[in-house]
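Listed below, chain by chain, are the residues.
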Amino acid sequence: MSNDQQAGREADKRFNRGMMLRLVVIVAVMFGFGYALVPLYKKICEITGINVITTRELHGAVKNTQVDKSRTITVEFDSNARGPFAFRPVKNSMEVHPGELTTVMYEFRNTQDRTMAAQAIPSYAPRQAMAHFNKLECFCFNEYTLKPGESKQWPVVFVVDDKLPKDVRTITLSYTFFEVGGKVPAAPAEKVAAAKAGDKS
């Protein structure tokens with residue numbers, strides 16, 4: 001082997017070792033960045049308040065909300081299914097204080113043998129309660145796809161504003177769950193009547 005060939009091989013070896021070292025450093029940096037990304041993301045969200053990762057963190061984020069324990073509001077939960085599915089609240093009513101963070105679960109089940117997309121529309125009685133009923137998390141924010149026979153449970157996390165008029169002691173939160181692609185149903189007649197009665201009181 002000539003001196004030129006040997007020198008070329010040595011140069012190739014040095015180049016390969018240098019390239020390997022650079023690749024190892026890059027992999028180590030990428031691993032470290034990936035490892036630090038989750039806590040970094042959480043910290044950014046905590047500082048800016050632009051996102052809440054879990055319901056448990058959501059409860060923690062608003063735990064300092066001032067609660068008016070001198071008042072008790074009855075919140076009634078109603079459900080209307082406009083399609084081939086079962087839909088109901090786990091609880092029919094709850095007693096809450098203004099400013100208190102509360103969660104109620106709703107159950108869904110697709111009762112037919114085909115996949116369907118559906119979404120819920122909320123309504124309130126009396127109507128003036130709408131401006132004081134703050135939903136922090138709600139299945140009504142999204143459209144959902146349910147497989148044949150599939151069952152789901154989704155939460156509504158809410159706070160009743162302490163600026164709710166003093167004469168309002170009961171709020172009815174009603175959801176109409178309908179299949180997407182069909183005509184949006186009108187609000188049930190009894191709920192419209194209840195809302196009008198509340199407005200007159």
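Quick caveat: nothing in here was measured; it's all calculated off a predicted structure.

How would you sum up the sheet that holds strand β8 (residues 151-160)? Please name residues and give values.
Read across the open sheet, the four strands follow the order β2-β4-β8-β6; overall the sheet is antiparallel. Taken across any chain shown, the strands that pair with only one partner, and hence form the sheet edges, are β2 (85-89) and β6 (133-138). Strand after strand, the sheet turns through a mean of 25° between neighbouring axes, direction not considered. Two elements, β6 and β8, share five bridges in a ladder whose sense is antiparallel. In the sheet register, E137 faces β8, and the bridge partner there is V157.

Describe the pairing of strand β9 (residues 170-179), listing the residues and the values that go with them.
With nine of 10 residues buried, β9 lies mostly within the body of the structure. When strand β1 (residues 73-82) meets β9, the two strands line up parallel, connected through nine bridges. From the neighbouring strand, N80 faces β9, where its bridge partner is T176. In this structure, strand β5 (residues 116-125) lies alongside β9, joined through eight bridges in antiparallel fashion. Along β9, the bridge assignment pairs Q119 with F178.

Lay out the side chain of T74 with the relevant residues and their values.
Mapped onto the secondary structure, T74 falls in strand β1. A relative accessible area of 18% places T74 in the buried class. Excluding its chain neighbours within four sequence positions, the residues that come into contact with T74 are S93, M94, E95, R169, T170 and I171.

Kindly report on a nonpolar patch on the surface, identifying the contributing residues and their values.
A cluster of nonpolar side chains, F15, M19, L23 and I26, forms an exposed patch at the surface whose accessible area comes to about 370 Å². With respect to the helices and strands, I26 occurs in helix α1 (residues 3-48).

For the sheet that holds strand β3 (residues 93-96), give the residues involved together with the corresponding values.
Spatially, the five strands line up as an open sheet ordered β3-β1-β9-β5-β7, and their pairing is mixed. Across the chains shown, the open sheet's two edge strands, defined by having one partner strand only, are β3 and β7 (144-146). Across the sheet, the mean angle from the axis of one strand to that of its neighbour is 30°, orientation sign disregarded.

Kindly report on the environment of S174, identifying the contributing residues and their values.
Mapped onto the elements, S174 comes out in strand β9. Judged by relative accessible area, which is 1%, S174 ranks as buried. Along the chain, S174 and Y124 lie 50 residues apart, while their C-alpha atoms are 6.2 Å from each other. Polar contacts involving the side chain of S174 include one to the side chain of D78, which spans 3.0 Å.

Outline the pattern of salt bridges, supporting the account with residue identities and numerical values.
For the structure shown, the criterion picks out three salt bridges. The closest approach of N and O atoms between R88 and E107, which form a salt bridge, is 2.9 Å. Placement of R88 in strand β2 and of E107 in strand β4 (residues 102-110) is noted, with a sequence separation of 19 residues between them. Judged by relative accessible area, which is 24%, E107 ranks as partly exposed. Between K152 and E150 there is a salt bridge, and its shortest N-O distance comes to 3.4 Å. Since its relative accessible area comes to 33%, K152 is described here as partly exposed.

Calculation notes
- Within each chain, residue numbers correspond to sequence positions counted from 1 in written order.
- Where totals are concerned, whole chains, interfaces and linings use all residues; where local detail is concerned, this predicted model gives features only for residues with pLDDT of at least 70, and gives and counts side-chain atom pairs only at 80 or more.
- Processing note: side-chain calculations cover all non-hydrogen atoms of the structure and skip hydrogens and water entirely.
- The pairing criterion for strands is at least two bridges between them, as found by DSSP.
- Starting at the N terminus, helices and strands are each numbered in turn, a helix being any DSSP run of H or I of at least four residues and a strand any DSSP run of E of at least two.
- Orientation is described by axes fitted as lines to C-alpha atoms, over the contacting stretch for helices, and by angles from 0 to 180 degrees between their N-to-C directions.
- With a 1.4 Å probe rolled over the protein chains alone, any residue whose accessible area is under 20% of its type maximum counts as buried; one over 50% counts as exposed, and the rest are partly exposed.
- Throughout, a residue-residue contact means that at least one pair of heavy atoms, one from each residue, lies within 4.5 Å.
- Put simply, a patch holds well-exposed residues, over 30% relative accessible area, that have no salt bridge, with like charges counted together within 9 Å and Val, Leu, Ile, Met, Phe, Trp or Tyr side chains within 5 Å.
- Only the protein chains shown count as cover for residues, with accessible areas throughout obtained via the Shrake-Rupley method and a probe of 1.4 Å.
- Salt bridges, as used here, are contacts in which a Lys or Arg side-chain nitrogen is within 4 Å of a carboxyl oxygen on Asp or Glu.
- Pairs of N or O atoms within 3.5 Å make up the polar contacts considered here, provided that, within protein, one atom can donate a hydrogen while the other can accept it, and that residues adjacent in sequence are counted only when both atoms are side-chain atoms.

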